[in-house]
Amino acid sequence: MANAPVQRMSQLMAKTLRDDPADAEVLSHKLLVRAGYVRRTAAGMWSWLPLGKKVLANVERIVREEMDAIGAQEVLLPALLPREPYDATGRWDEYGQELFRLKDRKGGDYLLGPTHEEIFTLLVKDQCTSYKDLPVILYQIQTKFRDEARPRAGILRGREFQMKDSYSFDLADEGLAHSYALHREAYQKIFTRLGLDYRICAATAGAMGGSESEEFLAPAAAGEDTFADCPNCDFAANTEAMTYALKPVDAEGVPAPEDIPTPDTPTIETLAASLGVPASATLKNLLVKVDGEIVAVGVPGDREVDLDKVEAHFAPAVVEMVTEADFAGRPDLVRGYVGPQGLPKVKYVADPRVAPGTAWITGANKADTHARNVVAGRDFEVDAYLDVVVVQDGDPCPKCGTGIELDRAIEIGHIFQLGRKYTDALKLDVLGQNGKPVRVTMGSYGVGVSRAVAALAEQTADDKGLCWPKEIAPADVHVVAAGKARQTELALDISDKLAAAGVRVLVDDRAGVSPGVKFTDSELIGVPTILVAGRRAAEGVVELKDRRTGEREELPVDEAIARLT
Ligand code: ATP
Ligand code: MG
Ligand code: MG
Ligand code: MG
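Quantities reported herein were computed from a predicted structural model and do not represent experimental measurements.

## Some details on the site of ligand 1
Consideration 1: Neighbouring residues of ligand 1: 15 residues in total, closest Phe 161, His 414, Gly 446, Gly 448 and Arg 451.
Consideration 2: Those elements giving two or more residues to the shell around ligand 1 turn out to be strand E9 (160–170), strand E18 (405–419), strand E21 (441–448) and helix H11 (449–460).
Consideration 3: Per element, the largest residue contribution to the shell around ligand 1 is four residues, and it comes from E18.
Consideration 4: A per-class count over the shell around ligand 1 returns three nonpolar, seven polar and five charged.

## Describing the environment of Leu 194
Consideration 1: Along the chain, Leu 194 turns up in helix H6 (residues 173–194).
Consideration 2: Here Leu 194 falls in the buried class, since 23 other C-beta atoms lie within 10 Å of it.
Consideration 3: Those residues in contact with Leu 194 that sit more than four places away from it in its chain are Val 59, Ile 62, Ala 452, Leu 456 and Ile 472.

## Here's the deal with the pairing of strand E23 (residues 505–508)
Consideration 1: Every second residue of E23 is oriented toward a common face, with Val 505 and Val 507 on one face and Leu 506 and Asp 508 on the other, all of them buried.
Consideration 2: The sheet contact formed by strand E1 (residues 7–8) and E23 spans two bridges and is parallel. What sits directly across from Gln 7, in E23, is Leu 506.
Consideration 3: Two strands pair when backbone bridges link them, and strand E22 (residues 477–481) and E23 are joined in this way by four bridges, in the parallel orientation. Within E23, the residue paired with Val 479 across the bridge is Val 507.
Consideration 4: In this view, the connection linking E22 to its parallel neighbour E23 by way of helix H12 (residues 485–500) has right-handed handedness.

## Regarding the nonpolar core
One broad rule of soluble globular proteins: the nonpolar side chains tend to lie buried together.
Consideration 1: By size, the foremost hydrophobic cluster in this structure holds 107 residues, and its most contacted members are Val 59, Ile 412, Ala 452 and Ala 533.
Consideration 2: Sort the elements by how many residues they give to this core and H6 lands first, with eight residues.
Consideration 3: For Ala 533, the contacting residues outside a window of four places in its chain are Val 479, Val 480, Ala 481, Ala 482, Gln 487, Leu 490, Ala 491, Ile 494 and Val 542.

## Some details on the packing of helix H1 (residues 27–34) against H11
Consideration 1: Running from N to C, H1 and H11 cross one another at 100°; their axes reach a closest spacing of 8 Å. With respect to H11, the axis of H1 lies roughly perpendicular. Of H11, the residues touching H1 (which contributes Leu 27, Ser 28, Leu 31 and Leu 32) are Ala 454, Ala 457 and Glu 458.

## As for the confidence of the model for the protein chain
Consideration 1: Across the protein chain, pLDDT averages 77, with 71% of residues at or above 70.
Consideration 2: Taken together, the stretch residues 205–210 has pLDDT below 50 and engages in 17 contacts with residues farther than four places along the chain or on a different chain.
Consideration 3: pLDDT under 50 marks residues 241–390. Its contacts with residues more than four places away, or in other chains, come to 281 contacts.

The rules we used
Counting from 1, residues in each chain are numbered in the order their sequence is written. A letter from A marks each chain and a number from 1 marks each ligand, given out in the order of writing. In view of the model being predicted, local features appear only for residues whose pLDDT reaches at least 70, and side-chain atom pairs are presented and counted only at 80 or more, with totals across whole chains, interfaces and linings using the full set of residues. The criterion for a residue being near a molecule or strand is a backbone-placed C-beta atom within 6 Å of that molecule or strand. Numbering of helices and strands starts at the N terminus; helices are DSSP runs of H or I of at least 4 residues and strands are runs of E of at least 2. Residues were grouped as follows: Ala, Val, Leu, Ile, Met, Phe, Trp, Tyr, Cys and Pro as nonpolar; Asp, Glu, Lys and Arg as charged; and all remaining residues, including Gly, as polar. Exposure in this text rests on C-beta crowding, where 20 or more other C-beta atoms within 10 Å of a residue's own make it buried, 12 or fewer make it exposed, and counts in between make it partly exposed. The C-beta atoms are placed from the backbone. Once C-beta atoms are placed from the backbone, any two residues with those atoms within 7 Å are in contact. At least two DSSP bridges between two strands are needed for those strands to be called paired. With the strands pointing away from the viewer, any crossover whose connection runs clockwise from the first strand over the helix to the second is right-handed. Think of a nonpolar core as buried Ala, Val, Leu, Ile, Met, Phe, Trp, Tyr and Cys residues, each tied to the set through C-beta atoms within 7 Å. Note on method: axes are straight lines fitted to C-alpha atoms, helices fitted across the in-contact stretch only, with angles between N-to-C directions ranging 0 to 180 degrees. Every angle not falling under 35 degrees, over 145, or within 65 to 115 is termed oblique; those three ranges are roughly parallel, roughly antiparallel and roughly perpendicular. Confidence scores here are pLDDT values: one per residue, from the predictor, ranging 0 to 100.

Put into structure tokens, the structure is as follows:
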């Protein structure tokens, strides 16, 4: 492998900033912008500058190596996609507002791919005709597009972002289970190599459909997912998935529509009474399930229900958020709800075993109208279940009974056993051994490549700045010329020698920048080892500093180079 050239900060197309960007809410956003890794182009759109691009490429490399290791084959499909396959699976409509739809000059409908199940299914249909062609795992690392409702968290939630998506195609269920297991192991290796702290959580299949599904969650305050962690056993679940872990709610005990009082004013007390649960309870999380599919999740604070999923389900439903004012100064109480328009037939039920709280469900029965105090059965028909399950800190772990803890986390990966949802819709068969067609079974698997960069920043940064693990860092060594010409000369000389030995070097050779500023910048940028050519440059002595521990040591140039090569 050719040695990477020395990256000189005097020529680097990026500037460090003293202050946090005004719109930044999360740590990774602040630090990645301040350290010159990324720039915001527009809401949810990011430009990767040279240092950021290197980090991103390192994540991609690790993902690629581990995918290749399980025999997955890399391909690259278009990001601009035709409508028809998404009509065939229903996702053109179901995806809701998150889908970027556009027209070409002839008026044809297109979309920008948010995920590629349909297109991969068609590719395999085109390429694989016999059982001998399967199993196959295909993957790509590609830009994805989702018109996220709230792209606030920097590159944690872009409207355009990098994802590794892969798809497995098997003849039988056992094959799918095997492909899934291969991915699960590959993901464990990927996230371990990336240096991320993560948990594997039972998850719902959500909009993807299908059965088995797990999420890889990286605990971090900036995370937008809440997960239940058992301090005693290995149980971990996204709170969205808790209904799967807990006993499913059944129709028994659901008050008949005529027994549900019509609240004149939407007080918590009347609503609680209508659901037969105590009004005193504090809701931590709300989960709404329709026909076995989670359509909405809400937690107090800044997290809101996934309106897109609700809307997709009830299209053309009208959905609005309930504001805190609606709860008369009780923002700790639930604020999620669904609002079906006209058609949807909804019945609701709170599970008192796990839900010592209440939900407020409102319906909208006129376009763009938010209707309050509607009552299931009276204002709209009932034929589907809407389970409301509340998960709280201290609720019993479904495995061992210990009180669970709720924590915030970033979803960095997600694996699904889809089964035949897509292959049925797109009729993907291959000829079986007996000459009869076999419907193929499928899995889909995603890693948030760009999100992983931000998640790593979140988990590894300290009060001085970014602090990358070695394999991910944009360089191995940050050489700082702290002084005048003599120091710069020495710094460049050392940099060349290190580079010749295969070490990736970033050198701060900027003229007219004080040593103090350079030290601060080197800590902000977060390369694991910092080598300073400073005071004792004339004697041929430099300082080596460990970015993470802050440990420093003075030693002769040759020894320092030997140490680093
Ligand atoms: P989220 O719950 O955060 O919206 P998701 O469940 O919609 O994510 P998936 O459809 O499971 O996402 O996509 C696979 C992976 O892509 C996710 O696990 C996540 O790491 C990444 N990802 C999803 N949406 C974004 C985004 N807007 N920006 C960056 N990465 C994303
Ligand atoms: Mg999403
Ligand atoms: Mg998710
Ligand atoms: Mg997901």
